[in-house]
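Examining the three-dimensional arrangement
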There are 2 protein chains.
Amino acid sequence: MARKAELELTGELFRALGHPLRIKIIDFLRAGERCVCEIIPAVGAGQPVVSKHLSLLRQAGILECRKEGLRVIYRVRDPAVFEVIELSRGFIFRRLAELVTLAADFQAAQERSG
Amino acid sequence: MARKAELELTGELFRALGHPLRIKIIDFLRAGERCVCEIIPAVGAGQPVVSKHLSLLRQAGILECRKEGLRVIYRVRDPAVFEVIELSRGFIFRRLAELVTLAADFQAAQERSG
DNA sequence: AGGCTACATGCTAATATTGTTATATAGTAA
DNA sequence: TTACTATATAACAATATTAGCATGTAGCCT
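Residues numbered from 1 in each chain as written. Chains lettered and ligands numbered in written order. Predicted model: local features only at pLDDT ≥ 70, side-chain atom pairs only at ≥ 80, totals over all residues.

Moving on: the packing of helix H2 (residues 20–28) of chain B against helix H4 (residues 47–59) of chain B. Think of two packed helices as two axes; the pair is described by the angle between the axes and how far apart they sit. Residues and elements named next belong to chain B. At a minimum axis separation of 10 Å, H2 and H4 run at an interaxial angle of 75°. By the angle class used here, H2 and H4 are roughly perpendicular. Of H4, the residues touching H2 (which contributes Leu21, Arg22 and Ile25) are His53, Leu54 and Leu57. For the contact of H2 with H4, the per-class residue count stands at 4 nonpolar, 1 polar and 1 charged. (Axes fitted to C-alpha atoms, helices over the stretch in contact; angles between N-to-C directions. Helix = DSSP H or I, 4+ residues; strand = E, 2+ residues; numbered from the N terminus. Parallel < 35°, antiparallel > 145°, perpendicular 65-115°, else oblique. Contact = placed C-beta atoms within 7 Å. Nonpolar A, V, L, I, M, F, W, Y, C, P; charged D, E, K, R; others polar.)

Pro48 of chain A together with Cys35, Val36, Cys37 and Pro48 of chain B are the nearest of the 22 residues found near DNA strand C. Those elements giving two or more residues to the surface near DNA strand C turn out to be helix H4 (47–59) of chain A together with helix H3 (36–43), H4 and strand S3 (71–76) of chain B. For the surface near DNA strand C, the element with the most residues is H4 of chain B, which contributes 6 residues. (Near = placed C-beta within 6 Å.)

Right, let's get into the relation of the copies chain B and chain A. Expressed as a screw operation, the relation of chain B to chain A combines 0.0 Å of axial shift with a rotation of 180°, fitting to an RMSD of 0.1 Å. Given the turn and translation reported, the copies of this chain are related as if by a two-fold rotation axis. (Least-squares fit on C-alpha atoms with pLDDT ≥ 70 in both.)

Taken together, the neighbourhood of DNA strand D is formed by 22 residues, with Val36, Cys37, Pro48 and Ser51 of chain A together with Pro48 of chain B sitting nearest. When residues of the surface near DNA strand D are traced back to their parent elements, those giving at least two are helix H3 (36–43), H4 and strand S3 (71–76) of chain A together with H4 of chain B. Tallying contributions element by element places H4 of chain A first for the surface near DNA strand D, with 6 residues. Split into classes, the residues belonging to the surface near DNA strand D amount to 12 nonpolar, 6 polar and 4 charged.

Another point: the interface of chain B and chain A. With 29 residues of chain B at the interface, the matching set in chain A holds 29 residues. For the side of chain B that touches chain A, the secondary structure elements donating two or more residues are helix H1 (2–17), H2 and helix H5 (80–113) of chain B. The element best represented in the side of chain B that touches chain A is H5 of chain B, accounting for 13 residues. Within the side of chain B that touches chain A, the residues separate by chemical class into 14 nonpolar, 7 polar and 8 charged.

Strands pair in a sheet through their backbones, by hydrogen bonds, and they do so in one of two ways: parallel or antiparallel. Residues and elements named next belong to chain B. The strand order across the open sheet formed by 3 strands is S1-S3-S2, and the pairing between neighbours is antiparallel. In this open sheet, the two strands that pair with only one neighbour each are strand S1 (34–35) and strand S2 (63–68). Taken together, the 6 bridges between S2 and S3 define a ladder with antiparallel strand orientation. Bridged to Lys67 within S3 is Val72. Seen against the sheet, H4 touches S2 and S3 and runs at an angle of roughly 120° to S2. (Pairing = 2+ DSSP bridges.)

Attention now moves to the sheet that holds S3 of chain A. Within the open sheet, the 3 strands sit side by side as S1-S3-S2 (chain A). Their pairing is antiparallel. Of all the strands in the sheet, the pair left with one neighbour each is strand S1 (34–35) and strand S2 (63–68) of chain A.

Time to look at the pairing of S3 of chain B. Residue and element names in this part refer to chain B. Direction of pairing for S1 relative to S3: antiparallel, over a ladder of 2 bridges. Across the sheet, the residue bridging to Arg34 is Tyr74, located in S3. If you look at the hairpin formed by S2 and S3, you'll find 2 residues sitting between the two strands, and Gly69 has a positive phi there, around 65°.

Counting 40 residues, the largest nonpolar core has Ile26 of chain A together with Ile26 of chain B as its most contacted members. Of all elements in the fold, only helix H1 (2–17), helix H2 (20–28), H4 and helix H5 (80–113) of chain A together with H1, H2, H4 and H5 of chain B reach the threshold of two or more residues within this core. In this view, Ile26 of chain B contacts Ile62, Val76, Val81 and Ile85 of chain B; residues no more than four positions away in its chain are not counted. (Core = buried A, V, L, I, M, F, W, Y, C linked by C-beta atoms within 7 Å. Buried ≥ 20, exposed ≤ 12 C-beta atoms within 10 Å, placed from the backbone.)

In C-alpha cells form, the structure reads like this:
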C-alpha cells in the first residue's frame, strides 16, 4: 500500500508550507537564490528562527542550499511550489470575495430592517 | 499591511491540508458530495476523529456541508483544492524520482568499490 | 413520550511545533 | 594562533495538534 506513504508525504509537504514565515521565505526566493543574511532582514525574524525554518524547508525538499565562503545560499528546488502557492492564493481570494459579498448583503439587510 | 493577513491565511490553508487523513477525505470527495457515514468507512478512522477533521476542513473553507435528514453531506467548496493537491503530488513524485536515482547511483558506486 | 441513528463536541493525555536564548561550527582574515 | 562573521544547533518553555473516549444533540420513527 504505497497509497498511505503518498498521503503522508503530501501531508508533510503541506505542513512544511503551513507557516506564514515559510511562505514569506519562499516568496522572497521567487526572484532567485539568496543567502541567509539577505533572507533574515527580508522576512524580519530572528536569525535562529529563520535558520530553523530554512532547515525545515530543506528537509521537506522544498529548498536546497550550497555554501559559498561564509554564506549559505538557498533556492527553491522545484518551481511547482510557486504554482502551489499561487493556486492557494487564488482559492483564498475567492473565499474572501464571497465573505465580502455576504457581509455586504448582511449590512444591506440590516439597513433595511433598522 | 494586508500582506501579513494574506500570509497568515495561506499558512492556515496549508496547515488544514497538512494531515494525511484530511488529504484522504478530500480525495474521497473528488467523486462528489458524500455523507459522513460514507466518509468514515472510506477513510478508516473513528467517527469522532473524522468528524473533527471534517469540522476543521469546513472552518478552513475547504469543505461545506448541508443536512439531509439525519445525514450530513459534505463537499469540496472550490475545485482549486484538487489542483493544489495534484500539483503537490507532482512535486512529490519528482522528488521521489530524484531520490531513487540517487539511491541507484549510490548502490552502483558501492558495487564497484566493494 | 421513548428509542434509535447520524453527527458533533468536550475532555484528557500524548505528541508536535514554535520562539527565545545560549552555544557551537565553519570559514575568513590578521 | 586569535578574532571575527555567517550560520546552525541545543535546550527550554509555551502553545498547538491529535486521537480516543465519553457524552451531547438533532432528526426520524413508533
